[in-house]
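Structural characterization, general
So you can see what is in the structure, the chains are spelled out below.
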Amino acid sequence: MIYDATTRIAEAALCLRARMGGSAALRERLVCGTRPGPAAIWVHAASVGELTSARTVIAALAARHPLTVTTNSETGRALAQDWGLPARLAPLDLPGALARFLDATRPRLALTVEGEFWPLRSRLLAERGVHQAMIGARMSERSAGTWGRFPRIIGPMLGRIAALSAQDQGSEARLLTLGLPHRALLPRLDLKLLAPAAQPATPQGAARDRVILAASTHEGEDGPVLDAFAALRATRPDLRLILAPRHPDRADAIAALIAARDLPMARRSAGADDAPQGGVLLADTLGEMARWYARAGLCIIGGSIADHGGHTPWEPAAHACALLHGPHLGNFIEAFDALHAQGAARPWEDGLAPLIDRPEAARAMGRAARAVLETRAGDPDALIERLDGLAKAPA
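Anyway, here's the lowdown on the structure attached to this text.

Reading guide: rules and limits
Residues numbered from 1 in each chain as written. Predicted model: local features only at pLDDT ≥ 70, side-chain atom pairs only at ≥ 80, totals over all residues. Heavy atoms only, no water. Buried < 20%, exposed > 50% of the residue type's maximum accessible area, 1.4 Å probe, protein only. Helix = DSSP H or I, 4+ residues; strand = E, 2+ residues; numbered from the N terminus. Pairing = 2+ DSSP bridges. Axes fitted to C-alpha atoms, helices over the stretch in contact; angles between N-to-C directions. Parallel < 35°, antiparallel > 145°, perpendicular 65-115°, else oblique. Contact = heavy atoms within 4.5 Å. Nonpolar A, V, L, I, M, F, W, Y, C, P; charged D, E, K, R; others polar. Disulfide = S-S within 2.5 Å.

Quick notes on the pairing of strand E11 (residues 298-301)
Here E11 shows two buried faces, one formed by Leu298 and Ile300 and the other by Cys299 and Ile301. As paired strands, strand E7 (residues 211-217) and E11 are joined by 4 bridges and run parallel to one another. Across the sheet, the residue bridging to Ile212 is Leu298, located in E11. Direction of pairing for E11 relative to strand E12 (residues 322-325): parallel, over a ladder of 3 bridges. In the sheet register, Leu298 faces E12, and the bridge partner there is Ala322.

Below, the structure written as structure tokens:
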């Protein structure tokens, strides 16, 4: 009751502001003026990141049903429109705005990407018989602790969800504790891994066995990698190193480090496409990392030697690279735990020489990394079929 009264007061104030020259974005979020068209599915994602991660699922549903996309940001709206989908800013969690939006769209399914919980939206959808679902749902320990203090708000919202696919086991357990019914659970799906897992695996072979990639390196990491490479090539003259800095504006400084070690060098920015034998390709361009993953059998994960928390292991895993890393993995602890458990990753200083001298072991690591990626990404087909069924069911 307090929430309802507060939202009505807030909406009256915002409508007054909109009439007195408020922004176009505010009018759109109040659903004043142009209304959306009918849609069987209402897909909501916060912004670009959430939309991009869910593109596989959204595209599959859009091929079967008319849908409309809402986001909280203008950049997210523009991205969905670039995909050829009807898109607008999401209605605010206010009674009039939501009513106008739902009167115009008349959805049978409301699908939220990753996680937003709006009490009024949840209740009005339920009152209209609209099925509610979430994919890639996340619930951190901190958020669960906060919501746990408001069981009469979060409990009913979760209880209204007909289908939910959590991003990870911890989120799933916390959502169940807060009130999600077990019957709503779908297989877990890590949306951000669907795209790399869908890529065809890069063939392994001798050409990749002798190539090391240092991917997305930071200041303080290039020197140690170059020193290790120089020591290895002393007895393995056919080795090649691709060094791809996170920030290409450091390229000249890195080139000086390479020259100081008297290593042959080529630069991608000068048109080179391969490292000279026994030398280094300085990949000082943007947007080509997938090219370098496909060239190398061994990948050193940047940001993990110096303390930057590490970068994603999943992109090189998609290309079946053996994964090597430093001690700093704070951004991807759970991911690396899973990779280590399957023998797909190891510390770089311990792993380089043995893997170069035993290429089949490196290839086995790469295959294991790819398998872990595919397992953790999950299979979206069953989830899409379930959502398709809800979209066909009458509201």
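Details of the packing of helix H18 (residues 348-357) against helix H19 (residues 359-377)
How two helices pack is summed up by the angle between their axes together with the distance between the axes. Direction vectors running N to C along H18 and H19 enclose 115°, while the axes themselves pass 5 Å from each other. What the angle tells us is that H18 and H19 run roughly perpendicular. Here H18 contributes Leu355, Ile356 and Asp357 to the contact with H19, which in turn contributes Pro359, Ala361, Ala362 and Met365. Its residues assigned to classes, the contact of H18 with H19 comprises 6 nonpolar, no polar and 1 charged.

With respect to the state of the cysteines
Note: disulfide means a covalent bond formed between the sulfur atoms of two cysteine side chains. As enumerated under the stated definition, the model contains 0 disulfides in all. Summary of cysteine pairing: Cys321 is not part of a disulfide, and the nearest cysteine sulfur, belonging to Cys299, is at 5.3 Å.

Here's the deal with the sheet that holds E7
Ordered by their spatial adjacency, 7 strands build an open sheet running E9-E10-E8-E7-E11-E12-E13, and the pairing between neighbours is parallel. Both outer strands of the open sheet, strand E9 (265-267) and strand E13 (345-347), are each paired with one neighbouring strand and no more. Between one strand axis and the next, the sheet turns by 25° as a mean value, whatever way the strands run. Bridge count for strand E8 (residues 240-245) against strand E10 (residues 280-282) is 3 bridges, and the pairing is parallel. Along E10, the bridge assignment pairs Ile242 with Leu281. Contacting E7, E8, E10 and E11, helix H13 (residues 222-233) crosses the sheet at an angle of about 175° to E8. Its contacts with the sheet place helix H17 (residues 333-341) against E11, E12 and E13, and it is angled at close to 100° to E13.

Structural notes on helix H6 (residues 95-105)
Within H6, 8 of the 11 residues are buried, leaving the element largely enclosed by the surrounding structure. In the stretch just after H6, Arg106 is the one whose phi turns positive, near 50°.

Considerations on unusual backbone geometry
The backbone of Val31 sits at a positive phi, close to 55°, despite the residue not being glycine. Mapping Val31 onto the fold places it in the loop between helix H2 (24-29) and strand E1 (41-44). What makes Val31 buried here is its relative accessible area of 0%. Phi angles above zero are rare outside glycine, and Ser216 is one such case at about 60°. Within the secondary structure, Ser216 is located in strand E7. A relative accessible area of 9% means that Ser216 is categorised as buried.

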